[in-house]
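Results of the structural survey
For reference, the chains in residue letters:
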Amino acid sequence: MAQPDEAGTGPDAGGATRIALVDDHEVVRRGIADLLEDEDDFTIVAEVGTVQEALVRLPPARPDVAVLDVRLPDGNGIELCRELLSLLPGVRCLVLTSFSDDEALLDAIMAGASGYVLKQVLGSDLRSAIRQVAAGRSLLDAATTSAALDRQRRKHSREDPLRRLTEQERAVLELIGAGMTNRQIAERMFLAEKTVKNYVSQLLSKLGMQRRTQAAVLATELRSRPSSG
């Protein structure tokens, strides 16, 4: 069994990939280590359970690949990934998590991770993932990234339907909700009635609506929501 080699001079002389494991659950960490230690091309050089331990022990261990749990007791693997890339520019980070989460995936991408793998992954797939990122390839393919971005955009659109509206369009929507006609809105906002009609058409399009009554209902619902402040 390969022993952790924090001096960086251990049994990887033949070109084995140096791996660091960061997971606060010892059973999980040892399970992953057992999966990897029997491979001739892998060497476990560090096993730690916290962000602080990782920042102290991983730089001298000089891993080629750091397998990072997302949730750690004193931080998270996403931020740790960002810090490790700053301390060890050559390291490749593989984020490991027990749940599928688009936001975590996007955070991992932004942090510079080379891959994002669920803990339910088969042992052979995890070994393959480590080999791929060690070779400089990314597991975050364009299709996966694009799909996650699309899902996040749709989610935010549902959470905040006014996100795409301009200030003027929001003002028009509020007045529609108050029951005003285009002429009344034009008088209130000191605009031409034709300009108000254009605003109404634009905001309906952005909100994916066909009728003015739908916008009025939305405006009423938004007014009735409790303030976040």
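The sections below set out a description of the structure shown in this document. (Residues numbered from 1 in each chain as written. Predicted model: local features only at pLDDT ≥ 70, side-chain atom pairs only at ≥ 80, totals over all residues. Heavy atoms only, no water.)

**Re the sheet that holds strand E2 (residues 42-48)**
Taken together, the five strands give an open sheet; going across it, the order is E2-E1-E3-E6-E7, and neighbouring strands pair in parallel fashion. Two strands close off the open sheet at either side, each with one partner strand: E2 and strand E7 (115-118). Each strand axis lies, on average, 25° off the axis of its neighbour in the sheet, ignoring direction. Here strand E1 (residues 17-22) runs beside E2; their pairing, made up of six bridges, is parallel. For Leu21, the partnering residue across the bridge sits in E2 and is Glu47. Against the sheet, helix H1 (residues 26-37) engages E1, E2 and strand E6 (92-97), with an angle of about 170° to E2. The strands touched by helix H2 (residues 51-61) are E1, E2 and strand E3 (65-69); relative to E2, the strand with the most contacts, the crossing angle is about 150°. (Pairing = 2+ DSSP bridges. Helix = DSSP H or I, 4+ residues; strand = E, 2+ residues; numbered from the N terminus. Axes fitted to C-alpha atoms, helices over the stretch in contact; angles between N-to-C directions. Contact = heavy atoms within 4.5 Å.)

**Considering helix H10 (residues 212-224)**
Compared with an ideal rise of 1.5 Å per residue, which puts 13 residues at 18 Å, H10 spans 19 Å between its outermost C-alpha atoms and is within 8% of the ideal. Elements in contact with the buried residues of H10: helix H7 (167-177) and helix H9 (193-206). (Expected span 1.5 Å × (residues − 1).)

**Section: the pairing of E6**
Within E6, five of the six residues are buried, which leaves it mostly tucked inside the rest of the structure. In this structure, E3 lies alongside E6, joined through five bridges in parallel fashion. In the sheet register, Val65 faces E6, and the bridge partner there is Arg92. One ladder, built from four bridges, connects E6 with E7; its direction is parallel. Its bridge partner being in E7, Thr97 is matched across the sheet by Leu118. (Buried < 20%, exposed > 50% of the residue type's maximum accessible area, 1.4 Å probe, protein only.)

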